Amino acid sequence: DGGITQSPKYLFRKEGQNVTLSCEQNLNHDAMYWYRQDPGQGLRLIYYSQIVNDFQKGDIAEGYSVSREKKESFPLTVTSAQKNPTAFYLCASSFRMGASSNQPQHFGDGTRLSIL
Amino acid sequence: EDQVTQSPEALRLQEGESSSLNCSYTVSGLRGLFWYRQDPGKGPEFLFTLYSAGEEKEKERLKATLTKKESFLHITAPKPEDSATYLCAVQRGGGSQGNLIFGKGTKLSVKP
């Protein structure tokens, strides 16, 4: 079955540590996204990528980094510079947005990151 | 400033009691409005896309409608399995092509 796989489901970070969240999709989607979800808040966009080897900052990119070396993969690194990393992280993908297309984003089941 | 507001924050219904969820938005160059369902500990599941005022989409007990300023998600004769958080998102136009702005969601509980 096609879908988006996020791993791990739960992740713990120590002070001063960088951690990487995995996101893989087999939907042949061009675009991939990372969101952060906090209790009582809407999803907020961290980074997005429309094509391989290209990505842009979203609304809350500080303290995060990404890479897009393969179409299927879009890992997110939460760096030690992110002082409040505890949240539910969601990866999404879609066909590439065009001037006349409105493609829905499809989501993985998330990674919950906590501070030790 | 682009904004999406959902109301109510929480809604409790008895099984079979129909109701509506609201999503009001202010965004420059709306290119689409999306409804998602999210179960606890899971990612959002896509339900509907609406593109223009007057458009309606239906799926089982759910019906989504769109005006120039808001969207409604009507739930007819809900069942306990409809309990979830329903998210609304609008797609920005312009330089942020394709990016979504999400509301905070409405948590729906349906009691048997």
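Okay, so let's go over this structure. (Residues numbered from 1 in each chain as written. Chains lettered and ligands numbered in written order. Predicted model: local features only at pLDDT ≥ 70, side-chain atom pairs only at ≥ 80, totals over all residues. Heavy atoms only, no water.)

### Examining the overall build of chain A
As a reminder of what qualifies: Secondary structure is summarised from DSSP: a helix means a run of H or I of at least four residues, a strand means a run of E of at least two, and numbering begins at the N terminus for each. A simple rule labels every residue: compare its accessible area, found with a 1.4 Å probe on the protein chains alone, to the largest value its type can have, and call it buried under 20%, exposed over 50%, or partly exposed in between. For this analysis, residues touch if any pair of their heavy atoms sits within 4.5 Å. Surface exposure here means Shrake-Rupley accessible area, sampled with a 1.4 Å probe, where a residue is shielded only by the protein chains that are shown.
What chain A contains, in helices and strands, is zero helices and 11 strands. The helix and strand sequence of chain A, counted from the amino end, reads β-β-β-β-β-β-β-β-β-β-β. Expressed as lengths along the three principal axes of its C-alpha atoms, the size of chain A is roughly 45 × 30 × 30 Å. For chain A, the residues scored as buried account for 48% of the 116 residues in total. Residue pairs at least 24 apart in sequence account for 54% of intrachain contacts in chain A once pairs closer than 6 positions are excluded. Only carbon and sulfur atoms are counted for the fraction: they give 47% of the accessible area of chain A, which is about 5600 Å².

### Some words on the sheet that holds strand E8 (residues 76–78) of chain A
Residues and elements named next belong to chain A. Under the convention used in this document: Only strands that DSSP links by at least two bridges are regarded as paired with each other. Between N-to-C directions, angles span 0 to 180 degrees; the directions come from axes that are lines fitted to C-alpha atoms, helices contributing only their stretch in contact.
Ordered by their spatial adjacency, four strands build an open sheet running E1-E3-E8-E7, and the pairing between neighbours is antiparallel. The open sheet terminates on both sides in strands that have one partner only, identified here as strand E1 (4–7) and strand E7 (64–66). Within this sheet the neighbouring strands show an average axis-to-axis angle of 20°, counted without direction. Bridge count for strand E3 (residues 19–25) against E8 is three bridges, and the pairing is antiparallel. Bridging from a neighbouring strand, Leu 21 pairs with Leu 76 of E8.

### Section: the state of the cysteines
Note the cut-off: Any two cysteine sulfur atoms within 2.5 Å of one another count as a disulfide.
Across all of its chains, the model carries two disulfides over all chains by this definition. Each disulfide pairs two cysteine sulfurs, and for A:Cys23 the partner residue is A:Cys91, the sulfurs being separated by 1.9 Å. For the disulfide bridge between A:Cys23 and A:Cys91, the dihedral angle about the S-S bond is near -75°, and by the sign convention the bridge is left-handed. In this pair, A:Cys23 sits in strand E3 while A:Cys91 sits in strand E9 (residues 87–94), placing the two residues 68 residues apart along the sequence. Given the relative accessible area of 0%, A:Cys23 is considered buried. A sulfur-sulfur separation of 2.0 Å characterises the disulfide bridge that pairs B:Cys23 with B:Cys88. Residues B:Cys23 and B:Cys88 are joined by a disulfide whose S-S torsion is about -60°; by sign, that bridge is left-handed. With B:Cys23 in strand E3 (residues 19–26) and B:Cys88 in strand E9 (residues 84–91), this residue pair connects regions lying 65 residues apart in the sequence.

### Things to note about the interface of chain B and chain A
As a reminder, the rule being used: Note: buried area is the sum, over both parts, of the accessible area (probe 1.4 Å) each one loses when the two are combined. Salt bridge, as used here: a side-chain nitrogen of Lys or Arg that lies within 4 Å of a carboxyl oxygen of Asp or Glu. In the analysis that follows, any N or O atom pair within 3.5 Å is treated as a polar contact, provided that within protein one partner can donate a hydrogen and the other can accept it, and provided that, for residues neighboring in sequence, both atoms belong to side chains.
At the interface, 22 residues of chain B touch 26 residues of chain A. Interface area for chain B against chain A, summed over the two sides, is near 1800 Å², with a carbon-plus-sulfur share of 47%. Across the contact surface, chain B and chain A share one salt bridge. The partner of B:Lys42 in a salt bridge is A:Asp109, and the shortest N-O contact between them spans 3.9 Å. Inspection of the region where chain B meets chain A yields three residue pairs in polar contact (both at pLDDT 80 or more). Mapped onto the side of chain B that touches chain A, the elements with two or more residues apiece are strand E4 (32–38), strand E5 (45–50), E9 and strand E10 (100–102) of chain B. It is E4(B) that contributes the most residues to the side of chain B that touches chain A, four residues altogether.

### With respect to the packing of aromatic side chains
We apply this condition: For Phe, Tyr and Trp, where Trp contributes only its six-membered ring, two rings pair if their centres lie within 6.5 Å, and the inter-plane angle classes them as stacked under 30 degrees, edge-to-face over 60, or tilted in between. We call a charge positioned over a ring when the NZ of a Lys or the CZ of an Arg lies within 6 Å of the ring centre and within 35 degrees of the ring normal.
All chains considered together, the criterion is met by 11 aromatic pairs over all chains. Clustering of aromatic rings is evident, with ring pairs tying together A:Tyr33, A:Tyr35, A:Tyr48, A:Phe107, B:Phe34, B:Tyr36, B:Phe46 and B:Phe102. In this structure, A:Arg68 packs its charged tip against the face of A:Phe74, placed 6.0 Å from the ring centre.

### Quick word on the layout of surface pockets
What counts, and what does not: Only protein atoms enter the 1 Å grid, on which a cavity is a set of points fitting a 1.4 Å probe that cannot get out and a pocket is an open set with protein on both sides within 12 Å along at least 5 of 7 lines, lining residues being those with an atom within 4 Å of a point. Grid points are joined across faces, edges and corners, and a volume is the space filled by probe spheres set on the points. In this classification, the charged set is Asp, Glu, Lys and Arg, the nonpolar set is Ala, Val, Leu, Ile, Met, Phe, Trp, Tyr, Cys and Pro, and all remaining amino acids, among them Gly, are polar.
Taken as a whole, the largest pocket encloses approximately 960 Å³ of empty space. Lining the largest pocket are 38 residues, with A:Gly40, A:Gln41, A:Gly42, B:Gly103 and B:Lys104 sitting closest to its centre. When the residues that make up the lining of the largest pocket are grouped by side-chain class, the tally is 12 nonpolar, 15 polar and 11 charged. Roughly 150 Å³ of volume is contained in the second largest pocket. Around the second largest pocket, the lining residues are B:Arg37, B:Glu45, B:Leu47, B:Lys59, B:Glu60, B:Arg61, B:Leu62, B:Glu81, B:Asp82 and B:Tyr86. Along the lines of polarity and charge, the residues of the lining of the second largest pocket split into three nonpolar, no polar and seven charged.

### Comments concerning the side chain of A:His29
Residue and element names in this part refer to chain A. In this fold, His 29 is placed in the loop between E3 and strand E4 (31–37). Classification of His 29 by relative accessible area gives buried; the value is 4%. The contact partners of His 29, leaving out residues within four places of it in the chain, are Arg 68, Lys 71, Ser 93, Ser 94, Phe 95 and His 106.

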